[in-house]
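Geometric and topological summary
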Amino acid sequence: MSKTIVIVGASRGIGRELAIRFSSDSNNRVYALSRYREAPEPDEFSLYPNITPVVFDLAQDDTRIKAERFFDSLSNIDILINNAGKLVNRPFTELTREDFVSSYQVNIIGVMELIQAAVPKMLPKGGHIVNISSMGGFQGTVKFPGLAAYSTSKAALASFTELFAEEYKETRIKMNCLCLGAVQTEMLEEAFPGYEAPIDAPEMAEYIHEFAENAHRFMNGKIIPVSLSTP
Ligand SMILES: NC(=O)c1ccc[n+]([C@@H]2O[C@H](COP(=O)([O-])OP(=O)(O)OC[C@H]3O[C@@H](n4cnc5c(N)ncnc54)[C@H](OP(=O)(O)O)[C@@H]3O)[C@@H](O)[C@H]2O)c1
């Protein structure tokens, strides 16, 4: 069956591997959103004819309007994966207002605004929204210095998952949240230089792909740790 999949934060790391994995089913239509701010090759996904790269920045004042404009071109959305993340690693007293605002904008406010735009495209047929949070945003786990802006905004994403699921429980839209442990990506290297994670991006993408396809048949509003280790 043909599916429409939207992945936000798909230019590198886990999101890129997810887009490629979903594209292995030629019936799927995959939309890979990110800023592409470092201007990678324009043909980055050209080997995959069913992946459409889309320039989209979650850090805009009019994120909802821009998302509505883009989603207007889609008849429906079956799977939406909110994988984009902004990480600031700085001692607490050195964090600026801009650090707080930009972290919250990308990791929670922009995500909620994009979901507001996606809901009308998911209500008729139903679908699964998967939010990618972090073990740093999972209550009771070990925490790390420098990540106050990042981890609190990821905790908000987890909390939002429960709230949305409650509000939409009578519909066919299901939402769950995965709190990832360490995965070897550029973001991890920026946060914990030199640390070697036990899982790489293709392996984590394999898990998220399976989860996004199937888990909403069994759960809704769940916050799930997916971690072999945290640094
Ligand atoms: N790697 C880990 O160990 C780990 C652990 C816990 C949680 N996570 C979470 O897992 C997710 C993926 O992590 P990753 O390690 O693969 O990260 P990554 O390599 O830094 O990739 C993040 C993606 O988000 C996109 N992005 C960033 N800011 C954006 C914005 N304003 N608007 C739209 N897209 C934006 C980036 O593309 P552009 O820069 O081109 O926009 C990129 O495609 C993130 O949410 C992260 O917080 C990762």
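Here is a short report on the structure shown in this document. (Residues numbered from 1 in each chain as written. Predicted model: local features only at pLDDT ≥ 70, side-chain atom pairs only at ≥ 80, totals over all residues. Heavy atoms only, no water.)

**A look at the side chain of Asn76**
Mapped onto the elements, Asn76 comes out in the loop between helix H2 (63-71) and strand E4 (79-82). Among the polar contacts made by the side chain of Asn76, one reaches the side chain of Ser75 at a distance of 3.5 Å. For Asn76, the side chain forms a polar contact with the side chain of Asp78, separated by 3.3 Å. (Helix = DSSP H or I, 4+ residues; strand = E, 2+ residues; numbered from the N terminus. Polar contact = N/O pair within 3.5 Å; in protein donor to acceptor, adjacent residues only side chain to side chain.)

**A few points about a nonpolar patch on the surface**
A contiguous nonpolar patch, built from Phe92, Phe100 and Val101 and spanning about 290 Å² of accessible area, is present on the exposed surface. With respect to the element layout, Val101 can be found in helix H3 (residues 97-122). The class for Val101 is partly exposed, based on a relative accessible area of 42%. (Patch = residues over 30% accessible without salt bridge, like charges linked within 9 Å, V, L, I, M, F, W, Y side chains within 5 Å. Areas by Shrake-Rupley, 256 points an atom, 1.4 Å probe, with all protein chains shown as cover. Salt bridge = Lys/Arg side-chain N within 4 Å of Asp/Glu carboxyl O. Buried < 20%, exposed > 50% of the residue type's maximum accessible area, 1.4 Å probe, protein only.)

**Description of the nonpolar core**
Formed by 30 residues in total, the largest nonpolar core has its most connected members in Ile7, Phe22, Ile81, Leu178 and Ile208. Mapped by element, the contributors of at least two residues to this core are strand E1 (4-8), helix H1 (13-23), strand E2 (29-34), E4, strand E5 (127-134), strand E6 (173-180), helix H6 (201-214) and strand E7 (223-226). At six residues, the largest contribution of residues to this core is made by H6. Leaving out residues up to four positions away in the same chain, Ile7 has contacts with Gly15, Leu18, Ala19, Phe22, Val30, Tyr31, Ala32, Leu33 and Ile81. Judged by nonpolar contacts, the second largest core, of 29 residues, contains Phe70, Leu114, Phe160 and Ile173. (Core = buried A, V, L, I, M, F, W, Y, C linked by side-chain atoms within 4.5 Å. Contact = heavy atoms within 4.5 Å.)

**Describing the site of the ligand**
The environment of the ligand is made up of 30 residues, and the closest members are Arg12, Arg35, Asn83, Tyr150 and Thr185. Within the backbone of Ala10, an N or O atom sits 3.4 Å from an oxygen atom of the ligand. Separating an oxygen atom of the ligand from a backbone N or O atom of Ala84 is a distance of 3.3 Å. Within the complex, the protein chains bury 96% of what would otherwise be the 880 Å² of accessible surface of the ligand. Taken together, the elements giving at least two residues each to the shell around the ligand come down to H1, E5, helix H4 (148-167) and helix H5 (186-191). With three residues, the single largest contributor to the shell around the ligand is E5. Here the shell around the ligand is composed, by residue class, of 15 nonpolar, ten polar and five charged. (Near = heavy atom within 4 Å. Nonpolar A, V, L, I, M, F, W, Y, C, P; charged D, E, K, R; others polar.)

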